[in-house]
Amino acid sequence: YFLGYDVLSDTEPDVPVAKGTGTLADPFNCTAANNAAAALENKTASAEDYYIKGKVVSIKSPFSTQFGNVEFYLSDDGTANGQFYVYRALYLENKKWAGEEPNLEVGDEVVVCGKLTNYNGEPETSQNQAYVYSIKGVTKPTTTVVDISNTPETAYTVAQALDLIKAGDGLA
């Protein structure tokens, strides 16, 4: 049976150490976020917002225009070790995802801001009370705007439109 450590080397597995104070300047790592949320009463949100930094391990429900939020797992090193569950968080600037912005990808380094909760023993962000503060250091949504007005002076030729589509530069 499993003893929780390597029997042959008699060493304990790497256990993540809690770091950070939960502020923007010193965000929680996932272990600290798990500890803070686990200390709360069941189904009670934290009084204050906390910042949590980590890498996306897996995406349970990507951003969609239906609800404008996302569900994913975050960890300090991008593995399942010590992961924290981000539940129904909004997009950058605490806004619903509109569909034109880049979505999250596994491996992205993110900072999440919001309230924590202990939902039946599962430490996580409180539903719709958190948002993705940054994705790979970017804090503002970016979209590509392509002028597709159709006047004789600005209209694309078929060849120009096909070139733009092939290059991925618009006309989505």
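First, a word on what this report is: a plain description of the structure on this page. (Residues numbered from 1 in each chain as written. Predicted model: local features only at pLDDT ≥ 70, side-chain atom pairs only at ≥ 80, totals over all residues. Heavy atoms only, no water.)

### Looking at the side chain of S126
Going by this rule: Helix and strand assignments follow DSSP, with helices taken as H or I runs no shorter than four residues and strands as E runs no shorter than two, numbered in order from the N terminus. N or O atoms within 3.5 Å of each other form a polar contact, as long as, within protein, one can give a hydrogen and the other can take it, and as long as residues adjacent in sequence are counted only when both atoms are side-chain atoms.
The topology assignment puts S126 in strand β5 (residues 122–135). In terms of polar contacts, S126 uses its side chain to reach the side chain of Q129, at 2.8 Å.

### Overview of the pairing of strand β1 (residues 50–61)
Heads up, the condition is: At least two DSSP bridges between two strands are required for those strands to pair.
Pairing of β1 with strand β4 (residues 109–119), which is carried by six bridges, proceeds in the antiparallel orientation. Paired with K55 across the bridge in β4 is E109. In terms of strand pairing, β1 meets strand β2 (residues 70–75) through five bridges, oriented antiparallel. Each bridged residue has a counterpart across the sheet, and for V56 the counterpart in β2 is L74.

### With respect to a nonpolar patch on the surface
Stated formally: To count toward a patch, a residue needs a relative accessible area above 30% and no salt bridge. Like charges then connect within 9 Å, nonpolar side chains (Val, Leu, Ile, Met, Phe, Trp, Tyr) within 5 Å. Only the protein chains shown count as cover for residues, and the accessible areas themselves come from Shrake-Rupley with a 1.4 Å probe. Here, a salt bridge means any side-chain nitrogen of Lys or Arg that lies within 4 Å of a carboxyl oxygen of Asp or Glu. Each residue's exposure class comes from its accessible area (1.4 Å probe, protein chains only) as a fraction of the maximum for that residue type: buried when under 20%, exposed when over 50%, partly exposed otherwise.
On the surface, V158, L162 and I165 cluster together to form a nonpolar patch covering roughly 290 Å² of accessible area. Examined against the element boundaries, L162 turns out to sit in helix α2 (residues 158–167). Judged by its relative accessible area of 44%, L162 falls in the partly exposed class.

### Observations concerning the packing of aromatic side chains
Aromatic ring pairs: the centre-centre distance and the angle between the two ring planes describe each pair. Our working definition: Planes of paired rings set the category: under 30 degrees apart is stacked, over 60 is edge-to-face and the rest tilted, where pairs are Phe, Tyr or Trp rings (Trp by its six-membered ring) whose centres lie within 6.5 Å.
Counting across every chain of the model gives six aromatic pairs. Seen in terms of ring centroids, Y51 and Y133 are 5.5 Å apart; in terms of plane orientation they differ by 90°. Their pairing is edge-to-face. Here the residue Y51 occupies a position in strand β1, and Y133 occupies one in strand β5, the gap between them amounting to 82 residues. Ring geometry for Y85 and Y87: centres 5.7 Å apart, planes at 45°, overall tilted. We classify Y87 as buried; its relative accessible area is 17%. Here the aromatic residues F63, Y91 and W97 are joined through ring pairs into a cluster of three or more.

Nothing here speaks to function; it is all geometry.
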